[in-house]
Amino acid sequence: MQTLRMKDGLFGEFLEVLRGFGRLVAPVEKAPGVFTLEIVEDITKVRPEALRTILPIKKFLLKPKFCMLHGKLGNGAEACQDNAYGPLVYVGAHACDIHALRILDQLFLGGYPDPYYEMNRKQLTVVGYGCMPDEKCFCQSLGCSTVDTGFDLFFTPLPGRFLVTVGSARGDDIVRAKPSLFEPAGKRDIQDYLERLRQREAAFQLHLDVSDLPYVLELKKDDPVWDELAKKCLCCGSCSMVCPTCTCFNVRDELTADGAQRVRTWDACLYRDYALVAGGHNFRAERADRVRNRYYHKQEAFVRQYGMPSCVGCGRCIENCPTGIHVVEVFEAVRGELGRQQRALAKGKGVQA
Ligand code: SF4
Ligand code: SF4
């Protein structure tokens, strides 16, 4: 892995170089302190330091709604290219966003690759950017606060310059497209980088103990906390929509003015009809069951299947819940005093979560 240095005044020129590798997707400030991830034409609008965009990069891999097939009456169906973005360069990916991409890759490129995801993912260049956590970030607790793979280039801001890590052959191609922008990193750059890492790790204010969480959750399936949470949760699905690792989707057929189309849309396990099956049976009709299901999926079922949680601690769900439900507080409430006792017991017996 090659480590370089770039003067921060050259970042605009660097963005122009990136255009040669695809359309730029980057955070843009829509209102004071509110950032969205957008395809950017005007590079002066690029704000890679933005901590959190409302929607994550998943919207440029699988659109919230896209046509899969369309057909006119009397003719056969044809595949749509509605979800084909072509080459994109994602500028401003933070460590948690890159970990989220790894989770999406496992889901959509694992056993049965999803062609819609795969087509966009293969053409996505990832340019990471170091951030400083706020009071809603807890990626550190999930081992997602740093990253050493999964990007093409990664920029860490240092006073007056960036430390640039080259993480792939594509990253190397970008550097070679305009080598005059870069210099070899020196001892001082590495020292400043390590100091920044130290400051960053110390800056986390929010922590979640995930050490034995799957085991505690297993014990707490019938805990009253889920009923209490169901009284507060609207099952609006906002937390799922903004989550970089939530991937539920639906496929349905729609009539159009001149025929019909098959569309794929984002869905959420929190919606009442998500678990409605043929015959009218709904296996998660109760709100408490749906709320619990989301939390169990993130920190129990996914851990058992893939060996890690499907939460990267980005804080988007905390920022966007209309009733103020806080994911870390939920797990703290579930763990409770009994959870602490069980944890000690489990450790004593050598039980592995
Ligand atoms: S955003 Fe909040 S209220 Fe809406 S479904 Fe998620 S936890 Fe419930
Ligand atoms: S559950 Fe919340 S904190 Fe975790 S990855 Fe999803 S949006 Fe981010």
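All of the points below concern the structure found in this document. (Residues numbered from 1 in each chain as written. Chains lettered and ligands numbered in written order. Predicted model: local features only at pLDDT ≥ 70, side-chain atom pairs only at ≥ 80, totals over all residues. Heavy atoms only, no water.)

## Some points on helix H2 (residues 95–109)
(1) Moving on: An ideal rise of 1.5 Å per residue puts 21 Å on 15 residues; H2 measures up with 20 Å between its terminal C-alpha atoms.
(2) Moving on: Of the positions making up H2, those classed as buried are Ala95, Cys96, Asp97, Ile98, His99, Ala100, Leu101, Ile103, Leu104 and Phe108. (Helix = DSSP H or I, 4+ residues; strand = E, 2+ residues; numbered from the N terminus. Expected span 1.5 Å × (residues − 1). Buried < 20%, exposed > 50% of the residue type's maximum accessible area, 1.4 Å probe, protein only.)

## Considerations on the sheet that holds strand E9 (residues 161–166)
(1) Moving on: Sheet architecture is open: eight strands sit in the order E3-E2-E6-E7-E8-E9-E1-E10, paired in mixed fashion. The open sheet has two edge strands, strand E3 (34–40) and strand E10 (183–184), and neither has a second partner.
(2) Moving on: Bridging between strand E7 (residues 124–129) and strand E8 (residues 153–158) involves three bridges; their strand directions are parallel. Within E8, the residue paired with Gly128 across the bridge is Phe154.
(3) Moving on: In the packing of helix H5 (residues 187–203) onto the sheet, contacts are made with strand E1 (2–7), E8 and E9, and the angle to E8 comes to roughly 85°. (Pairing = 2+ DSSP bridges. Contact = heavy atoms within 4.5 Å. Axes fitted to C-alpha atoms, helices over the stretch in contact; angles between N-to-C directions.)

## Section: the nonpolar core
(1) Moving on: Membership of the largest hydrophobic core comes to 36 residues, with the highest contact counts inside it found for Phe138, Trp226, Tyr295 and Val327.
(2) Moving on: Taken together, the elements giving at least two residues each to this core come down to H2, helix H6 (213–219), helix H7 (225–232), helix H9 (287–306), helix H10 (316–320) and helix H11 (327–349).
(3) Moving on: By residue number, the principal contributor to this core is H11, which donates five residues.
(4) Moving on: In contact with Val327, not counting residues within four places along its chain, are Phe138, Tyr295, Cys317 and Ile318. (Core = buried A, V, L, I, M, F, W, Y, C linked by side-chain atoms within 4.5 Å.)

## Section: the pairing of strand E4 (residues 65–72)
Along any regular strand the residues' side chains alternate between the sheet's two faces.
(1) Moving on: As defined by bridge partners, E4 adjoins strand E12 (residues 259–266) across seven bridges and the pair is classed as antiparallel. Pairing of Leu69 across the sheet is with Arg262, part of E12.
(2) Moving on: Relative to strand E5 (residues 77–79), E4 runs antiparallel, the two sharing three bridges. Bridging from a neighbouring strand, Gly71 pairs with Ala77 of E5.
(3) Moving on: Where E4 folds back on E5, the antiparallel hairpin that results is connected by four residues, among which Gly74 adopts a positive phi of roughly 85°.

## Things to note about the state of the cysteines
(1) Moving on: One pass over the structure, following the stated rule, counts one disulfide.
(2) Moving on: Each sulfur of the disulfide joining Cys67 and Cys80 lies 2.1 Å from the other. Pair noted here: Cys67 is in strand E4 and Cys80 is in the loop between E5 and strand E6 (88–93), with a separation of 13 residues, a long-range link.
(3) Moving on: For Cys67, a relative accessible area of 8% puts it in the buried group. (Disulfide = S-S within 2.5 Å.)

## Some details on the packing of aromatic side chains
(1) Moving on: Going through the model one piece at a time under the given rule, you end up with 16 aromatic pairs.
(2) Moving on: Relative to Phe331, the ring of Tyr295 lies with its centre 5.5 Å away and its plane at 80°, an arrangement referred to as edge-to-face. Of the two residues, Tyr295 is situated in helix H9 and Phe331 in helix H11; the sequence distance between them amounts to 36 residues. Both residues of the pair, Tyr295 and Phe331, count as buried.
(3) Moving on: An aromatic cluster is built from Phe11, Phe14, Tyr129, Phe155, Phe162 and Phe182, whose rings are joined through pairwise contacts. (Phe/Tyr/Trp six-rings, centres within 6.5 Å; stacked < 30°, edge-to-face > 60°.)

## Notes on the side chain of Arg200
(1) Moving on: Looking at the secondary structure, you find Arg200 in helix H5.
(2) Moving on: Setting aside its immediate chain neighbours within four residues, Arg200 contacts Cys131, Met132, Pro133, Ser145 and Thr146.

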